[in-house]
Amino acid sequence: MNLDWSIVWQSRGLLLEGALVTILLTALTMAIAVPGGIVLALMRGSRFKPVALFATGFVELFRNLPLLLLVYWAFYVMPVLTDLSLSPFTTGLTALCLNVSAYNSETFRSGINSIRKGQTEAGLAIGMSRAQVFRQIILPQAWRRVLPILASTWVSLFKDTSLVSVIAVGELAHTAMQIRSQSFRVLEMLTAMGAIYWLMGYPQAKLTDWIHRKYGARE
Amino acid sequence: MTAFTRKNADKPPVLVYEDVRKKYGGFTALDGVSLHVNAGEVVCLIGPSGSGKSTLLRCTNALETIDSGTVRFEGKPLPKADADIRKVRQRMGMVFQSFELFPHKTALENVAIGLTTVRKLPAQAAEERARALLAKVGLADKTANYPANLSGGQQQRVAIARALAMEPHVMLFDEPTSALDPETVGEVLNVMRDLAQEGMTMIVVTHEMSFARRVANWVVVFERGRLLEEGPPQQIFEAPTVERTRDFLSHLGWDD
Amino acid sequence: MSKRDRPRVCRLAGPSLIPTTMDFDFSPLIDSWRFLASGLGQTLLLSVAAVVCSFVLGLAVGLGRLYGPFWLRIPLVFYIDSMRAIPVFVVLVWIYFSVPILTGHSFAPFWAALVGITIHVAAYVAEVIRAGIVSIRKGQVQAGLALGMSRPQIIRDILLPQAIVRMLPAFGSIISVTIKDTAIAAVIAVPELMRQAETLAGETYRPIEIFSAVMIVYFVIIFPVTRLIDRFYSRVAHLGRS
């Protein structure tokens, strides 16, 4: 076994680019899936039954599927549905958003449900509208309970972005796998890939722990 | 029975309940309640828990909907549309058993929030009003405190100030002292008594019989969703005409 | 059927596979249901094996982290936190491709997948177990000590039974995550459901029909698991409240 770790250093530009795409993908997905989750959670609570039913179906479906399957499915189905040829990046982003919005909706729903009914009534009793009560009373309180779970979801999402590599989105995993197959430096590149994920993911995991300690589990 | 004239009996009543009925599944919470409240009156609703007095209060500002009957506020039946209901609620202040202050807002912000969001008052003006109201309930020095840093009695006084901020025509109190430590009950009752002396129309669901006896103009006894008896406090507490009223009061140690 | 015996090459989806019109043909599903069913069998086998192995390893790691000696706790914490940072995809690929280089022994894809998923999921199991035990009030331990019980007895007879009930919802989600993770084994050519679907989609040019059908199959497996555990939990929740 002869190892040549110089390949990692030589590929630093590409790997850095891949890592940036990974971060971009994570951030963009979250930026879409947080409002998406709130909207879905509100739809599930809607008094208009078809809306609630649609949201429930959406959430349960995309929460209970392997993400890899969702990625493939989006890859084949989206162009037919939308009649557009979407880039792998957009397709991967869509699959991630469907998945994470479904998760976030559950997070927000339980956060909102954890606020006592009396808080809503107190807001209504001074003449606030339901929308005002939601924005000014419920959401700010639910936020504290939701934030730790969102942080955990963020870390899971960061890891899950590696799965869009199967449809050739140029993020970290795909980049590293490409270099591996071109250079035949399999052990070196795969180890480097793991190490880079670790370097990026470890602080995020620790930050999540901190957020849990600061906000979590306080009644 | 001696003749008793209710306060402002010559003027149209503020609130009229006509044959109000309300069921929760198989449980009948209100079984045909008819009642009226005149301007400036303090009406205390008493009775065993689960007898429907809190439900009636919550139907008054449409936090609960009634199954049949009518609730008239200032001559008009409660509206159905959300926007109209909101206008009515602004004219009724409500104080909850569990305070329900907003924990993410300071005492001052709790009092001001209705003024800024519902009345659309400028922040400056809302703050001034809120400050004055907190002073009125004896909490001028607690404006910056969050609810978590206030005692139960202080929180309930903030809640009263929050309701008063909307300049209500009637105040609804839902067991305002039931969740309080005994030593802070008095400070809340004092604020309520002062309010009554200023002529505020008040409906108070309470287990504080001494308050009902001393402050109320009219006392209504509930049992199983019906009116058992109503009358001036002297009658209810000293010469109840219904046997079961006597039973209820004697359970609470009011058998003179 | 002879088609199935061809060596399967890793196929990356290409634009040529994308149908241009909305006409559906579900006949490949009917023709090749055995092929997909064998994949489903592998998925179920891998899921059950991975769940069992991760729970055994996770319990050991979780208890070791809580009660083990100092020198053991540090590497265990490091292992758990590392698994929280590295994607399961990366773990799988690394084990499948790198371990043979390091040891000189090649690995059947199924075993590589089982080991990779187990190593990853066990870290989460360990965390859930630790958190569950820590959440039991101190008074329970003291009550056990007051009865003259030993530490292992207290862990086994007082803490774990209560903690396990509290952990049930978290275990439910770990099980469903594990089943979902088995799909990732497709990238190292384990012939489970995801992989078979991919192969079939490539051969028949009917990806939409096949992936949609497989979606339903996965949903039908994963959804009840989450629901059943939740239902069971709501029935036994009182046992975990002390």
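Starting from 1, residues in each chain are numbered consecutively following that chain's sequence as written. Working convention: letters from A go to chains and numbers from 1 go to ligands, in the order in which they are written. Predicted model: local features are reported for residues with pLDDT of at least 70 only, side-chain atom pairs are reported and counted for 80 or more only, and whole-chain, interface and lining totals are derived from all residues. In computing side-chain values, all of the structure's heavy atoms are included and hydrogens and water are not.

A few words on the packing of helix α3 (residues 107-117) of chain B against helix α4 (residues 123-136) of chain B. Residue and element names in this part refer to chain B. One way to put it is that α3 packs onto α4 with a least axis distance of 8 Å and a crossing angle of 130°. Taken as axis vectors, α3 and α4 run oblique relative to one another. As for the relative orientation of α3 and α4, their crossing is right-handed in sense. Of α4, the residues touching α3 (which contributes A107, L108, V111, A112, L115 and T116) are A123, A126, E127, R129, A130, R131, L133 and L134. Among the residues forming the contact of α3 with α4, the class breakdown is 10 nonpolar, one polar and three charged. Note on method: axes are straight lines fitted to C-alpha atoms, helices fitted across the in-contact stretch only, with angles between N-to-C directions ranging 0 to 180 degrees. Helix numbers and strand numbers start at the N terminus; a helix is a DSSP run of H or I with at least 4 residues, a strand a run of E with at least 2. Note on angle classes: values under 35 degrees are labelled roughly parallel, values over 145 roughly antiparallel, values of 65 to 115 roughly perpendicular, and the remainder oblique. The sense of a crossing depends on the near helix, which, turned anticlockwise from the far helix by less than a right angle, makes the crossing left-handed and, turned clockwise, makes it right-handed. Between two residues, a contact is recorded if the distance between any of their heavy atoms is within 4.5 Å. Each residue gets one of three labels, nonpolar for Ala, Val, Leu, Ile, Met, Phe, Trp, Tyr, Cys and Pro, charged for Asp, Glu, Lys and Arg, and polar for the others, Gly among them.

Another aspect to go through is the interface of chain B and chain A. With 23 residues of chain B at the interface, the matching set in chain A holds 18 residues. Buried area is understood as the total, over both parts, of accessible area removed when two parts are fitted together, assessed with a 1.4 Å probe. Buried area between chain B and chain A, both sides added, is near 1800 Å², and the carbon and sulfur share of it is 59%. Among the residues of chain B in contact with chain A, B:E100, B:F102 and B:H104 are the three that bury the most area, contributing 28% of the side total. Definition used for salt bridges: Asp or Glu carboxyl oxygen within 4 Å of a side-chain nitrogen of Lys or Arg. Counting the contacts that link chain B with chain A gives two salt bridges. Where A:R116 meets B:E100, a salt bridge forms, and the shortest distance between an N and an O atom there is 3.2 Å. Side-chain atoms alone can form a polar contact between residues adjacent in sequence; in general such a contact is a pair of N or O atoms within 3.5 Å, and within protein one must be able to donate a hydrogen while the other accepts it. Put simply, chain B and chain A have six residue pairs in polar contact (both at pLDDT 80 or more) between them. Taken together, the residues of the side of chain B that touches chain A break down into 10 nonpolar, six polar and seven charged.

All right, on to the arrangement of the chains then. For the two pairs of chains in contact, the maximum contact count is reached by chains A and C. Here chain B and chain C are not in contact; the least distance found between their C-alpha atoms is 24 Å.

Turning our eyes to something else, we now look at the layout of surface pockets. Roughly 1400 Å³ of volume is contained in the second largest pocket. Lining the second largest pocket are 40 residues; nearest its centre among them are A:R47, A:T120, A:L124, A:R130 and B:D82. Secondary-structure elements contributing two or more residues to the lining of the second largest pocket are α2 (12-44), α5 (88-113), α6 (117-125) and α7 (130-160) of chain A together with β4 (68-73) and α2 (82-90) of chain B. In terms of residue count, α7(A) provides more of the lining of the second largest pocket than any other element does, five residues in total. Class assignment of the residues belonging to the lining of the second largest pocket gives a composition of 20 nonpolar, eight polar and 12 charged. Buriedness for pockets is judged along seven lines, at least five of which must meet protein on both sides within 12 Å for an open set on the 1 Å grid over protein atoms alone, while cavities are sets there where a 1.4 Å probe fits but cannot get out, and lining residues have an atom within 4 Å of a point. Grid points are joined across faces, edges and corners, and a volume is the space filled by probe spheres set on the points.

On to the nonpolar core. To define a nonpolar core, start from buried Ala, Val, Leu, Ile, Met, Phe, Trp, Tyr and Cys residues and group those joined through side-chain atoms within 4.5 Å. A 1.4 Å probe rolled over the protein chains alone gives each residue an accessible area, and that area as a share of the maximum for its type sets the label: buried under 20%, exposed over 50%, partly exposed in between. Formed by 168 residues in total, the largest nonpolar core has its most connected members in A:M193, B:L15, B:L45, B:I203, C:M194, C:F211 and C:Y218. Each domain's extent was defined by an automatic or database domain assignment. If you count residues domain by domain, this core takes at least three from each of domain 1 (28-91 + 169-256) and domain 2 (103-167) of chain B. Apart from the residues lying within four places of it in its own chain, the contact partners of C:F211 are A:L69, A:Y72, A:W73, A:Y76, C:M194, C:A197, C:E198 and C:A201. Grouped together as the second largest cluster of nonpolar side chains are 49 residues, B:I46, B:A112, B:L115 and B:L189 included.

Our next topic: the packing of aromatic side chains. Two aromatic rings, drawn from Phe, Tyr or Trp (for Trp, its six-membered ring), form a pair once their centres lie within 6.5 Å of each other, and the interplanar angle then sorts them: stacked below 30 degrees, edge-to-face above 60, tilted otherwise. A complete count under the given rule lists 15 aromatic pairs over all chains for this structure. Ring centres 5.0 Å apart and planes at 75° place the aromatic pair C:Y96 and C:F97 in the edge-to-face group. Exposure remark for C:F97: the relative accessible area of 26% places this residue in the partly exposed category. Note that A:R12 overlies the ring of A:W9, its terminal NZ or CZ placed 4.2 Å from the centroid. Comment: the charge-over-ring label is applied if NZ (Lys) or CZ (Arg) is within 6 Å of the ring centre and within 35 degrees of the ring normal. Lying across the ring of B:F102, B:R162 places its NZ or CZ 4.6 Å from the centre.

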